[in-house]
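Architecture at a glance
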Amino acid sequence: MSDIRIVGLSCSPRHANTEVLVHAALASAKAAAERYQGVQAQTEYLSLAGKSIRPCLDCGGCVRRKSLCILKDDWLGVAQRLMDPVPDGLILGSPVYFYGVSSILRAFTERFTSAMKKAWLPDHGIQIPDWTKTAAGAIAVGFHRNGGQEHAAADIVRLLLISGFAVVGSTSLTQGPVGYIAGAGWAHERGRDSVTKDEIGMESARVLGENVGRTALLLAKGNTALLRQD
């Protein structure tokens, strides 16, 4: 059994550069956690490519049925991987579209409103996921060097913060702020793995992953210690 579980989610409609960066961050997260003797880290990769995910319609179905979102598409199958059980770490990536995140990432996160209803409706049947002990970080990749990566990353960071995640950035103790708030890549040119030519972007993804992995382990071990005291 692993000590921690870290999920990487690519919110791109393609299996391409966002996926490359998320995989790089996941590998770094695993290595960072397992640097400590006896620690085992499980990583899981998820992708929204090829998935049908509609935006929230504010239809009230989740309220009436006291349930998760009632829309019938691919949302629930992916969302459950972030809720049952809650992961110890999350790396959330998006390509830059029109200086922001992809529409499918936005649609995916909007639907989690159904999991938050108990905050306002105590008799709602779904317990709010506790992401306060989940370390999370953002990945963004744009076609140009200054193509909106920081704006897309900031969108992701805000979504993570309002959901309660413990958000980390991509500052290294030895290299400084490599990617600042995220792993940010430059695709350079057309091609499903062209971001690999961006050495700084790839390194920022690895640094982000390292921070997620180390922080996820700290939060998990700290929470275990607190539970023992209770």
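Just so we're clear, the structure is a prediction, and the values are computed from it rather than from any experiment.

Observations regarding the overall build of the protein
For the protein, the count of helices and strands is six helices and eight strands. Going from N to C terminus, the protein has its helices and strands arranged as β-α-β-α-α-β-α-β-α-β-β-β-β-α. Seen along its three principal axes, the alpha-carbon backbone of the protein occupies a region of about 50 × 45 × 25 Å. With 230 residues in all, the protein has 50% of them scored as buried. A separation of at least 24 residues holds for 74% of the contacts in the protein among residues at least 6 apart in sequence.

Description of the pairing of strand E2 (residues 41-47)
For a regular strand, the rule is simple: side chains alternate between the two faces of the sheet. In this structure, strand E1 (residues 4-10) lies alongside E2, joined through seven bridges in parallel fashion. Counterpart to Ser10 in the pairing with E2 is Ser47. As for the winding sense of the linkage, the β-α-β connection from E1 through helix H1 (residues 17-33) to E2 is right-handed.

A word on the nonpolar core
Core analysis: the biggest nonpolar cluster contains 37 residues, and Leu9, Leu48, Trp75, Met83, Phe108 and Phe112 have the highest contact counts within it. Counting only elements with at least two residues in this core, the list comes to E1, helix H3 (75-79), strand E3 (89-95), helix H4 (103-110), strand E4 (135-142) and helix H5 (149-162). Here the element with the most residues in this core is H5; it accounts for six residues. Ranked by size, the runner-up nonpolar core spans 25 residues in total, among them Ala29, Val141, Ala205 and Ala220.

Examining the packing of aromatic side chains
By the definition in use, this model includes four aromatic pairs. Seen from their ring centres, Phe108 and Phe112 are 5.2 Å apart, and the 80° between their planes marks the pair as edge-to-face. Phe112 matches Phe108 in its accessibility class, with the two residues each being buried. Ring geometry for Phe112 and Trp131: centres 5.7 Å apart, planes at 75°, overall edge-to-face. Of this pair, Phe112 sits in the loop between H4 and E4 while Trp131 is found in the loop between H4 and E4, placing the two residues 19 residues apart along the sequence. Pairwise contacts between aromatic rings join Trp75, Phe108, Phe112, Trp131 and Phe165 into one cluster.

Observations concerning the pairing of E3
Taking burial as the measure, the seven residues of E3 include seven buried ones, the bulk of the element. Along E3, one buried face is formed by Gly89, Ile91, Gly93 and Pro95 and the opposite face, lined by Leu90, Leu92 and Ser94, is buried too. A crossover links E3 with its parallel partner E4, the connecting element being H4, and its sense is right-handed.

So, the pattern of salt bridges
Opposite charge on two side chains permits them to pair, given that their charged atoms come into close proximity. By the definition in use, this model includes 13 salt bridges. A salt bridge links Asp3 to Lys221, with the nearest nitrogen and oxygen atoms 3.2 Å apart. Residue Asp3 is located in the segment before E1, and its partner Lys221 is located in helix H6 (residues 199-229); the two are separated by 218 residues in the primary sequence. A salt bridge links Arg5 to Glu44, with the nearest nitrogen and oxygen atoms 3.1 Å apart.

Remarks on the environment of Ala136
Locating Ala136 in the fold gives a position in strand E4. By relative accessible area, which is 0% here, Ala136 ends up buried. Put simply, Ala136 and Gly213 are 77 residues apart on the chain and 9.2 Å apart in space, counted from C-alpha to C-alpha. Filtering out sequence-adjacent residues up to four positions away, Ala136 remains in contact with Leu90, Leu160, Phe165, Ala166, Val167, Val168 and Val212.

Reading the values: the criteria
- Residues numbered from 1 in each chain as written.
- Predicted model: local features only at pLDDT ≥ 70, side-chain atom pairs only at ≥ 80, totals over all residues.
- Heavy atoms only, no water.
- Helix = DSSP H or I, 4+ residues; strand = E, 2+ residues; numbered from the N terminus.
- Buried < 20%, exposed > 50% of the residue type's maximum accessible area, 1.4 Å probe, protein only.
- Contact = heavy atoms within 4.5 Å.
- Pairing = 2+ DSSP bridges.
- Right-handed = clockwise from strand over helix to strand, strands pointing away.
- Core = buried A, V, L, I, M, F, W, Y, C linked by side-chain atoms within 4.5 Å.
- Phe/Tyr/Trp six-rings, centres within 6.5 Å; stacked < 30°, edge-to-face > 60°.
- Salt bridge = Lys/Arg side-chain N within 4 Å of Asp/Glu carboxyl O.

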